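Below, each chain spelled out in residue letters.
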Amino acid sequence: MADHERPDTDNTTETARTNFIREIIDEDNLTGRFGGVVHTRFPPEPNGYLHIGHAKAIHIDFATAQLYGGQCNLRFDDTNPAKEEQEYIDGIMHDIHWLGYDWEDRLFFASDYFEQLYQWAVQLIKDGKAYVDDLSADEIREYRGTLTEVGKDSPHRNRSIEENLDLFERMKQGEFEEGACVLRAKIDMASPNINMRDPVMYRILNATHPRTGNTWHIYPMYDWAHGQSDSIEGVTHSMCSLEYEDHRPLYDWFLDQLGIFHPRQIEFARLRLTNTVLSKRRLIRLVKEGHVAGWDDPRMPTLSGMRRRGYPPEAIRTFIDMAGIAKSNSTADIAMLEYCVRQELNKTAPRVMGVIDPLKVVITNYPEGQTEEFDAINNPEDLDAGTRKVPFSRVLYIEQADFMEDPPKKFYRLSPGREVRLRYAYFIKCESVVKDDAGNIIELRCTYDPETRGGDAPDGRKVKATLHWVSAEHALPAEVRQYDRLFTTPNPDDVEDGQDFLVNLNTDSLETLAPCYVEPSLAQAAPGGRFQFERLGYFCVDPDTTADRLVFNRTVTLRDEWAKLQQKSE
């Protein structure tokens, strides 16, 4: 999907389970608080890439609005020009569309409201509810007090309204250096809520803004821009993560003092995931220190990384619904996410045959130079997907793991003297083994039974194993990247004193295999295409693929740990 291509998906059916947010909205609709209107917003900072934790917020904001027939805005909180880039704006919009949501014509920026926010700040100064403070950042922190000690007034707290207006205007005009002064709300330095102890509303930043250029030398803090931007846009329900619960009194105070439209802020618990870190600071370390190949590395929890790995957006939405929306923090098992991915891909991914650790098989009694084709089912879960032709010839590749020269008792796959079925094709029997000088098996000599074409024997004899294969003459070479979880422990922060989360990195999280061989139907497979390699797992075509080089990323194995855990719990 192109960066700004709009999806036409309706995702309301995926949000059928009730939760405390919907209970609040239902109550508001019952009382007529907002006249039955539900208007939400998603307000990302354009200073990084979205990850699956953001996906939860996106899903809540957009799906909740859809459920009530409302609207959801996309508003970029571009209040810190030093860290914002167009690359992030474009990436965020692409990720939201990929997840299946659309803001239609409601794309906004906090910078759209800079002039209005400034005028409202002037209003608070005139009302004696804001002042310019010359204390340094460290001094403000010291004066603020602690959870057990009240704060103390700044020596500049009681400046006259006229002096504050003059200083604030001069701040706006760029007369002061960064850090020289700030504008603070005048609330209560003895409040038990530290956020209410005269919070900073504006700081000086002499930086060029991507949208407003050098017009502004002062920029609003999030707590000041947030609620007022909601009000300007007519947002009714402003959903935030749980750490903003203590900021809600400030959100309400600003709106009440200005006497403007008052949205309702609702807080929910962030998404936490085992074997994963979601802290932006830690994700930056993973990238900058070279532990991963970039922000879209398929091992990363970024949406671009999950997209490259082959995770369907439908699976991510389903996972968020399964994980639930609550007021208390909890951690979801990554196995649950993988379960959702398997469930979705099982329904939608075409089946193909690919051999990732090839062992050559020569069928000695099959005519040299002969080729025939078999009909193969594209997806047994979707009969409308039809069938495809798979070529067969005298020389094949099977998996190394599907042969043992001296097998244990319960190994039913190929071994000397044993017969197995080749998927869609014939029964074959291993007659002899060819080894190199080091004793490694490099080739199997087998015979086939032409009467078993299609996979069944006319005499009724049975085999205990069915193997996947590709024809050596027709197979396409490929590189396969097998990804595993990035961290070995459920909680990457579970470390000894003096260590950090990097000690729990999984050094085996990527295994690159080549040459692998896949069936010729994949010749035109495009980057982003998702397939099930029969008996192996689900794989996605990587963007590194070229006309003469196929590259596949393993999305997830066929093994389902979450389903096993659920069965055990039952």
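Above this text sits the structure in question.
If you're wondering where the values come from, they're calculated on a predicted model, not measured in any experiment.

### Things to note about the overall build of the protein
- Each helix and strand counted, the protein has 13 helices and 25 strands in total.
- For the protein, the spread of C-alpha atoms along the three principal axes comes to 100 × 55 × 45 Å.
- Across the 570 residues of the protein, 52% fall into the buried class.
- Counting contacts in the protein only where the partners sit at least 6 residues apart, residues at least 24 apart contribute 71% of the total.
- Total accessible area on the protein stands at roughly 25,800 Å², and carbon and sulfur atoms take up 46% of it.

### Notes on the packing of helix 4 (residues 114-126) against helix 6 (residues 161-173)
- Here helix 4 crosses helix 6 at 160°, and the two axes come no closer than 9 Å. Taken together, the axis directions place helix 4 and helix 6 in an arrangement best described as roughly antiparallel. Every pair of crossing elements has a handedness; the one defined by helix 4 and helix 6 is right-handed. Mapping the contact onto sequence places Tyr118, Ala121, Val122, Ile125 and Lys126 in helix 4 and Ile161, Asn164, Leu165, Phe168, Glu169 and Lys172 in helix 6.
- Looking at side-chain class alone, the contact of helix 4 with helix 6 contains seven nonpolar, one polar and three charged residues.

### Digging into helix 1 (residues 20-31)
- Under the 1.5 Å per step criterion, the end-to-end length of helix 1 is 17 Å for twelve residues, consistent within 8% with the ideal 16 Å.
- Buried within helix 1 are the following residues: Phe20, Ile21, Arg22, Ile24, Ile25 and Asp28.
- At its buried positions, helix 1 is contacted by helix 2 (52-67), strand 8 (237-241) and strand 9 (264-268).
- Residue Asn19 occupies the N-cap position of helix 1, its side-chain oxygen lying 2.9 Å from the main-chain nitrogen of Ile21.
- Backbone geometry just downstream of helix 1 places Gly32 in the positive-phi region, at approximately 75°.

### Some details on a negative patch on the surface
- A surface patch of negative charge is lined by Asp357, Asp484, Asp508 and Glu511.
- Its location among the elements puts Glu511 in strand 22 (residues 510-518).

### Points about the pairing of strand 12 (residues 358-363)
- Pairing between strand 12 and strand 15 (residues 395-399): five bridges, direction antiparallel. Directly across from Pro358, in strand 15, lies its bridge partner Glu399.
- As judged from the four bridges shared by strand 12 and strand 18 (residues 441-449), these two strands associate in the parallel manner. The partner of Val362 across the bridge, within strand 18, is Arg445.

### Comments concerning the pattern of salt bridges
- Taken as a whole, this structure holds 47 salt bridges when the rule is applied.
- In this structure, Lys327 and Glu267 form a salt bridge, with 3.3 Å as the shortest nitrogen-oxygen distance. Of the two residues, Lys327 is situated in the loop between helix 11 (313-323) and helix 12 (334-348) and Glu267 in strand 9; the sequence distance between them amounts to 60 residues.
- Taking relative accessible area as the criterion, Glu267 reaches 1% and is therefore assigned buried.
- A salt bridge links Glu338 to Arg485; the nearest nitrogen and oxygen atoms lie 2.7 Å apart. With a gap of 147 residues between them, Glu338 in helix 12 and Arg485 in the loop between strand 21 (476-483) and strand 22 connect regions that are remote in the sequence. For the residue pair Glu338 and Arg485, the accessibility class agrees, reading buried in each case.
- Through salt bridges with shared partners, one network takes in Asp296, Arg308, Glu479, Arg481, Asp542, Asp544 and Arg549.

### As for the sheet that holds strand 2 (residues 71-76)
- Pairing is parallel in the open sheet, where three strands are placed in the order 1-2-3. Each edge of the open sheet is held by one strand with a lone partner, namely strand 1 (39-42) and strand 3 (107-109). Across the sheet, the axes of successive neighbouring strands diverge by a mean angle of 35°, strand direction being ignored.
- The pairing of strand 2 with strand 3 spans three bridges and is parallel. Residue pairing for strand 3: Leu74 is matched across the bridge by Leu107.
- Sheet strands in contact with helix 2 are strand 1 and strand 2, and its direction is about 160° off that of strand 1.

### A closer look at the state of the cysteines
- Here the structure, examined in full by the defined rule, presents zero disulfides.
- Cysteine Cys430 remains unbridged, with the sulfur of Cys446 as its closest cysteine sulfur at 4.6 Å.
- This cysteine, Cys516, is not joined by any disulfide, and Cys540 carries the nearest cysteine sulfur, 16 Å off.
- Among the residues examined, Cys516 registers a relative accessible area of 0% and is labelled buried.

### A short note on the sheet that holds strand 6 (residues 200-204)
- The antiparallel open sheet is built from four strands, whose spatial order is 4-5-6-7. Bordering the open sheet on either side are strand 4 (130-133) and strand 7 (218-220), each of which pairs with just one other strand. Averaged over all neighbouring strand pairs, the angle between strand axes comes to 25°, with direction disregarded.
- Of the pairings in the sheet, the one linking strand 6 to strand 7 comprises three bridges and is antiparallel in character. Opposite Ile204, over in strand 7, you have Ile218 as the bridge partner.

### Overview of unusual backbone geometry
- The omega torsion across Ala514 and Pro515 is -5°, close enough to zero to call that bond cis.
- Within the secondary structure layout, Pro515 lies in strand 22.
- Phi angles above zero are rare outside glycine, and Asn275 is one such case at about 60°.
- Its place among the elements puts Asn275 in the loop between strand 9 and helix 9 (280-288).
- The phi dihedral of Arg535 is positive, around 75°, even though this residue is not glycine.
- Structurally, Arg535 can be placed in the loop between strand 23 (530-533) and strand 24 (537-541).
- In this structure Arg535 comes out as partly exposed when scored by relative accessible area, which is 37%.

### Looking at the side chain of Thr555
- Tracing the chain through its elements places Thr555 in strand 25 (residues 550-557).
- One polar contact links the side chain of Thr555 to the main-chain carbonyl oxygen of Arg309, over a distance of 2.6 Å.
- Dropping the residues within four chain positions of it, Thr555 is found in contact with Arg309, Gly310, Tyr311, Val341, Leu345, Tyr538, Phe539 and Cys540.

What counts and how
- Residues numbered from 1 in each chain as written.
- Predicted model: local features only at pLDDT ≥ 70, side-chain atom pairs only at ≥ 80, totals over all residues.
- Heavy atoms only, no water.
- Helix = DSSP H or I, 4+ residues; strand = E, 2+ residues; numbered from the N terminus.
- Buried < 20%, exposed > 50% of the residue type's maximum accessible area, 1.4 Å probe, protein only.
- Contact = heavy atoms within 4.5 Å.
- Areas by Shrake-Rupley, 256 points an atom, 1.4 Å probe, with all protein chains shown as cover.
- Axes fitted to C-alpha atoms, helices over the stretch in contact; angles between N-to-C directions.
- Parallel < 35°, antiparallel > 145°, perpendicular 65-115°, else oblique.
- Left-handed = near helix turned anticlockwise from the far one by under 90°.
- Nonpolar A, V, L, I, M, F, W, Y, C, P; charged D, E, K, R; others polar.
- Expected span 1.5 Å × (residues − 1).
- Polar contact = N/O pair within 3.5 Å; in protein donor to acceptor, adjacent residues only side chain to side chain.
- Patch = residues over 30% accessible without salt bridge, like charges linked within 9 Å, V, L, I, M, F, W, Y side chains within 5 Å.
- Salt bridge = Lys/Arg side-chain N within 4 Å of Asp/Glu carboxyl O.
- Lys, Arg positive; Asp, Glu negative; His and termini not counted.
- Charge placed at Lys NZ, Arg CZ, Asp CG, Glu CD.
- Pairing = 2+ DSSP bridges.
- Disulfide = S-S within 2.5 Å.

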